[in-house]
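Chain by chain, the residues run as shown.
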Amino acid sequence: MGTKRIRTDPADGDFDKLSVPPGFASLTSFYLKKLENTEESCNTMAFASASKEEPILTETTLDMDHIVDVATLKRSLGNRPWILDEKSHHHQEESDSEQSVKELSSETCLPKGVSRGCPHCNNCLKVTARWRPGDAKTDGLEEAPVFYPTEKEFSETLKYIASIRPGLEQYGICRIVPPPSWKPPCCIKKRNIWESSTFVTQIQRVDGLHNQYLQKKMVKIYENRSLKTGLKHGVGNGYTINREEVGCIGGFESEPGPEFTLQTFKKYADDFEEQYFGMKDKVHQKQSKLSVENIEDEYRRIVENPTEEIEVLYGENLDTGTFGSGFPTVSNPLEASDYQKYLKLGWNLNNVPRLPGSLSFESNDTSDLLVPRLHVGMCFSSFCWKVEEHYLYSLHYLHLGAPKIWHGVPGRYATKFEAATKKHLSDFLIGQPNLHDKLVAKLTPSTLKSEGVPVYRCVQNPGEFVLVLPGANYSGFDCGFNCSEAVNFAPIDWLPHGQNAVELYREKGRRTLISHDKLLLEAAREAVRAQWEITLLKKNTAENLSWDGFCGKDGILAKALKSRLKSESNRREYLCSSSRSHRMDKNFDVAVKRECCMCLYDLHLSAASCPCSANMYTCLNHVKQLCSCAWSEKIFLFRYEISELNVLVEALEGKLSAVHRWARDYLKLTLQSHVSRDGLQPDSQAEESKVKVPKSRNAVIVDVISIKAEVKARLLREKSKIKELKAKEKTREPRVVSSGIAKHISFLLADSPSEASSDTSSASSSSDSDDT
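Note that the structure is a prediction, hence the values are computed from the model and not measured. (Residues numbered from 1 in each chain as written. Predicted model: local features only at pLDDT ≥ 70, side-chain atom pairs only at ≥ 80, totals over all residues. Heavy atoms only, no water.)

What follows is about the nonpolar core. Leu467 and Leu557 are the most contacted members of the largest nonpolar core, which has 68 residues in total. Looking at this core element by element, the count peaks at eleven residues for helix H18 (residues 516-537). Beyond its immediate sequence surroundings of up to four residues, leucine 557 is in contact with Ile492, Leu495, Leu520, Ala523, Ala524, Ala527, Trp547, Phe550 and Leu652. (Core = buried A, V, L, I, M, F, W, Y, C linked by side-chain atoms within 4.5 Å. Buried < 20%, exposed > 50% of the residue type's maximum accessible area, 1.4 Å probe, protein only. Helix = DSSP H or I, 4+ residues; strand = E, 2+ residues; numbered from the N terminus. Contact = heavy atoms within 4.5 Å.)

And the structure:
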């Protein structure tokens, strides 16, 4: 416990009555003289304003070569009761934080280069800053790959992305130029959206990307908001701070700007560009059209060596569900009728997350990840370094306007990227590890390159896509007014990256938006269902074949589940061998997402609890931290036993007996249910064997269904009666049952793979050991 400070505010001349702390000769020697003219103009440089402050008078001699920040020192000394100034009260740091930010701003701000609003108009603009081509900063970056798919390649979105992915991993991003026939309508240009739909912009201080003032302000806001939210939500419940709570969007100080329609924002953006680059000045009349390189060099100069405050506006993350998408949507009847060609096309960003072969997460807390987002920018508006949530893929399309310039860092350099962040922002990350994502905006490509982190450049033009691979960091800015749309998606090959992401979130105590284990298990079950339908019903649909393509011993699904099962098995073996364990209720996390109260890890697969802590659960890593009760009191909840999950892995690897076992015991699949589902109803309920099916499969289905029905009626699995039934079927049906059909029949009838082998040996002399 700290000692309580008692502050005394004596009248003038009473300082000698106070006791002098040990080691101090005279209390009056530390008296601060009143500062005159403390409010400096924002139009002076920081060092100039600091140099005009009166020095602190003490009995000791100060080195005048060092400029003293008086305002900061006063706040620091004000916390010490024996060092007084003329003010009668000293505010505590918590209540003083906003004032300190204002003082810091007045000392370090640059001359205003952009002013918005006047008594007559809130959205008018006056730009006094000017383009400085003579001070341009150039930085040659290697170009990211550009792909030009053919009409045929472009017709299958996920297949094409999978084909180019291996060569992209060393870059992290790429540009995709559609074939000439790709001419989708830009639905946001319609009158009801362009002139009527409004959005609130965010103010961005472009010159503040490298400005320590903004970094310090963000730290102050973070500390204060963290304290308030900690008191509000309680300590130790795993609550984490998101970007909105720390007042930071996209790495910038979050401050709402004016409200616009697309039409009025375009006018505002064009006006800024004309004034800043002097397009109407006689000096620059010949430079009627700026090049991308001109804008890029000037942007870098502003960021690294600003001379004025440059504020721009950005419309970020507009929900297309409410604002409207640039692509045709089914929900809009007019668009659905006019643009049938593009309505269901795979490159329509509204369709990408749900294409066959892509994982779909439909729960309420993650469904917004599947909704495309619009971004409306102007010259110099920026999207700062970020990596997608859960390392998801992201696809970006530029509908209209000026180009976007992208910078990308491949995912394999994530460790070096993190090290560069800590090195250059270490002063602001001490004790605030969660602030890392808010400050990485300040890292320029040249800084990263100096630390051995490769940065690749990409210029996106209207009508083109940019693809960002899982785990890649990316940033960029706009060269003028434009409107783009982006969406996240998760094809099957994302699974290993997603697992890496949730393990990283566990280490940082960061909340997950996706239940990765739930996604993985659902994908595995769909793959087993597809294999079962292909094997027994010969349903070689495109979707079934797609799932089957992810299976096999070298398949992505089998590898991903096996890797997850290995870590889960190790934890259970180490912790749970002598403890109580129960089958997890199937509705354990249906109504609410269950998370570890220590690290926020998702608990879909396993959890631990104690009777002393109702409705509190931990992951297997943090059982000991849950409470101080005896180890024997702990309860472990498992959705599946390890042995059951091993069977699922075998099914994904292609073992037919495991496929049939999982289909029967866990998916509850039966031939009768599938016949009913496909609309093949029997003529009579008393005679299931007389099902009307296509001639080519008639004999097969009749044999299987009749045998199954007979076996159920005669107490299943009686071998003598099964052989008798087979004999009757052979005499009634002259067609020879192939070894494959006999094998599938025996799988349905046998209690174990060994029984299946013995039964099928009588129907076929060929060996099926490899198949089982």
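Before going further, it helps to examine the sheet that holds strand E14 (residues 404-409). Two orientations exist for strands paired in a sheet by backbone hydrogen bonds: parallel and antiparallel. The strand order across the open sheet built from five strands is E3-E15-E14-E17-E12, with neighbouring strands paired in mixed fashion. Of all the strands in the sheet, just strand E3 (142-143) and strand E12 (382-386) have a single pairing partner and so form its edges. (Pairing = 2+ DSSP bridges.)

Moving on, we get to H18. Each full turn of the α-helix corresponds to 3.6 residues, which orients residues three or four apart in the same direction. In this model H18 runs 31 Å from its N-terminal to its C-terminal C-alpha over 22 residues, within 8% of the 32 Å that 1.5 Å per residue would give. Where H18 terminates, the next one or two residues include lysine 538, which has phi positive at roughly 55 degrees. (Expected span 1.5 Å × (residues − 1).)

Here the focus is the side chain of serine 325. Structurally, serine 325 can be placed in the loop between helix H10 (320-323) and helix H11 (333-338). Taking the relative accessible area as the measure of exposure, serine 325 reaches 6% and is therefore buried. From its side chain, serine 325 meets the backbone nitrogen of phenylalanine 327 in a polar contact 3.0 Å long. One polar contact links serine 325 to asparagine 350, side chain to side chain, over a distance of 3.1 Å. (Polar contact = N/O pair within 3.5 Å; in protein donor to acceptor, adjacent residues only side chain to side chain.)

Inspection of the secondary structure puts glutamate 533 in helix H18. Along the primary structure glutamate 533 and leucine 669 are separated by 136 residues, whereas in three dimensions their C-alpha atoms are 9.7 Å apart. A distance of 2.9 Å separates polar atoms of two side chains, one belonging to glutamate 533 and the other to asparagine 544.

Right, let's talk about the packing of helix H17 (residues 495-508) against helix H20 (residues 556-575) for a bit. At a minimum axis distance of 9 Å, the contact between H17 and H20 shows a crossing angle of 30 degrees. Taken together, the axes of H17 and H20 are roughly parallel relative to one another. When H17 is examined against H20, the residues Leu495, Gln499, Glu503 and Arg506 are found in contact with a partner set consisting of Leu557, Ala560, Arg564 and Arg571. Partitioned by chemical class, the residues of the contact of H17 with H20 number three nonpolar, one polar and four charged. (Axes fitted to C-alpha atoms, helices over the stretch in contact; angles between N-to-C directions. Parallel < 35°, antiparallel > 145°, perpendicular 65-115°, else oblique. Nonpolar A, V, L, I, M, F, W, Y, C, P; charged D, E, K, R; others polar.)

Viewed as axis vectors pointing N to C, H20 and helix H21 (residues 642-653) meet at an angle of 165 degrees, and their least axial separation amounts to 9 Å. One way to sum up the angle between H20 and H21 is to call them roughly antiparallel. As for the relative orientation of H20 and H21, their crossing is left-handed in sense. Contacts between H20 and H21 pair Leu557, Ala558, Leu561, Lys562, Leu565, Glu568, Ser569 and Arg572 from the former with Ile642, Leu645, Asn646, Leu648, Val649, Leu652 and Glu653 from the latter. Residue composition of the contact of H20 with H21, by class: nine nonpolar, two polar and four charged. (Left-handed = near helix turned anticlockwise from the far one by under 90°.)

The next point concerns H17. In this model H17 runs 20 Å from its N-terminal to its C-terminal C-alpha over 14 residues, within 8% of the 20 Å that 1.5 Å per residue would give. Considered for burial, the residues of H17 that qualify are Leu495, Gly498, Gln499, Ala501, Val502, Tyr505 and Arg506. The buried residues of H17 occupy an angular sector of 160 degrees when the element is viewed end-on, so they sit on one face. Once H17 ends, the next one or two residues include glycine 509, with phi positive near 65 degrees. (Arc of directions from axis to C-beta.)

This part takes up unusual backbone geometry. At lysine 538, a position not held by glycine, the phi torsion is positive, near 55 degrees. By the secondary structure assignment, lysine 538 is in the loop between H18 and helix H19 (542-548). Note on lysine 538: relative accessible area 51%, which makes it exposed. For leucine 600, which is not glycine, the phi torsion reads 70 degrees and is therefore positive. Relative to the assigned elements, leucine 600 resides in the loop between strand E19 (580-583) and strand E20 (606-610). Look at leucine 600 and you get buried, because its relative accessible area is 2%.

With that settled, the discussion passes to the state of the cysteines. Under the counting rule described, the total for this entry stands at zero disulfides. Unpaired in this structure, cysteine 619 has its nearest cysteine sulfur neighbour in cysteine 599, at a distance of 3.7 Å. (Disulfide = S-S within 2.5 Å.)

Using the criterion set out here, one finds 36 aromatic pairs in the structure. Ring centres of phenylalanine 272 and phenylalanine 380 lie 6.2 Å apart, and the angle between their planes is 85 degrees; this geometry places the pair in the edge-to-face category. With phenylalanine 272 in helix H8 (residues 262-276) and phenylalanine 380 in the loop between strand E11 (373-377) and E12, this pair connects stretches of sequence that are 108 residues apart. Accessibility expressed as a relative area gives 0% for phenylalanine 380, which makes it buried. Within the aromatic cluster, the residues linked to one another by ring pairs are Trp131, Phe272, Tyr276, Phe277, Tyr299, Phe380 and Phe477. Arginine 594 extends its terminal NZ or CZ atom over the ring of phenylalanine 588, reaching a point 5.0 Å from the ring centre. (Phe/Tyr/Trp six-rings, centres within 6.5 Å; stacked < 30°, edge-to-face > 60°. Lys NZ or Arg CZ within 6 Å of the ring centre and 35° of its normal.)

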